[in-house]
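Chain by chain, the residues run as shown.
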Amino acid sequence: WRRAAGMGTVYSSTVVMRAPSQAYRALAPYTIVIVTLDEGCRVMGHATPGIAIGDRVAAGFFEFDGRPLLRFAPASDDT
C-alpha cells in the first residue's frame, strides 16, 4: 500500500446511459473515468459531468446507497 495525493490525469472516460442495476438508475446518466494518478497507478471512479481525456482531476468521495464512492472533479489551478 502507498498513500496517494489523489491528483491525476484522465486516461479514459465513458458516460453510462443505462444503469447496470436498479440502485444506480438514480445516478444515470453518469461519467466513469480511469485516472492515472501522479504516483503512477490507475484507478477507476465516477467523475463530474464534462470531464474529458487528458483533464487534470482531483479525487474526492460521495456517499451513495450508504457507501462511499470515488469521484473525480476538475483540479483547481492551486492544487
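A.B. asks: So what's going on with the packing of aromatic side chains? Which residues, and what values?
C.D. replies: What the rule picks out here adds up to two aromatic pairs. On the numbers, 6.4 Å between centres and 40° between planes, the contact of Tyr24 with Tyr30 is tilted. Seen in terms of ring centroids, Tyr24 and Phe64 are 5.4 Å apart; in terms of plane orientation they differ by 35°. Their pairing is tilted. Highlighted residues: Tyr24 in the loop between β1 (7-16) and β2 (30-37) and Phe64 in strand β4 (residues 56-64), separated in sequence by 40 residues. Each member of the pair, Tyr24 together with Phe64, is buried. Taken together, the ring pairs in this structure connect Tyr24, Tyr30 and Phe64 into an aromatic cluster. In this structure, Arg42 is placed above the aromatic ring of Tyr11, and the distance from its NZ or CZ to the ring centre is 3.4 Å. Over the ring of Phe62 we find Arg71, and its NZ or CZ is 4.0 Å from the ring centre.

A.B. asks: Mind laying out the pairing of β2, listing which residues take part and the relevant values?
C.D. replies: In terms of burial, β2 is a largely internal element, six of the eight residues being buried. Bridging between β1 and β2 involves eight bridges; their strand directions are antiparallel. By the bridge assignment, Thr9 is partnered in β2 with Thr36. Looking at chain direction, β2 and strand β3 (residues 42-47) are connected through six bridges and run antiparallel. Within β3, the residue paired with Val35 across the bridge is Val43. The loop that links β2 with its antiparallel partner β3 comprises four residues; one of these, Gly40, has a positive phi angle of about 110°.

Reading the values: rules and limits
- Residues numbered from 1 in each chain as written.
- Predicted model: local features only at pLDDT ≥ 70, side-chain atom pairs only at ≥ 80, totals over all residues.
- Heavy atoms only, no water.
- Phe/Tyr/Trp six-rings, centres within 6.5 Å; stacked < 30°, edge-to-face > 60°.
- Helix = DSSP H or I, 4+ residues; strand = E, 2+ residues; numbered from the N terminus.
- Buried < 20%, exposed > 50% of the residue type's maximum accessible area, 1.4 Å probe, protein only.
- Lys NZ or Arg CZ within 6 Å of the ring centre and 35° of its normal.
- Pairing = 2+ DSSP bridges.

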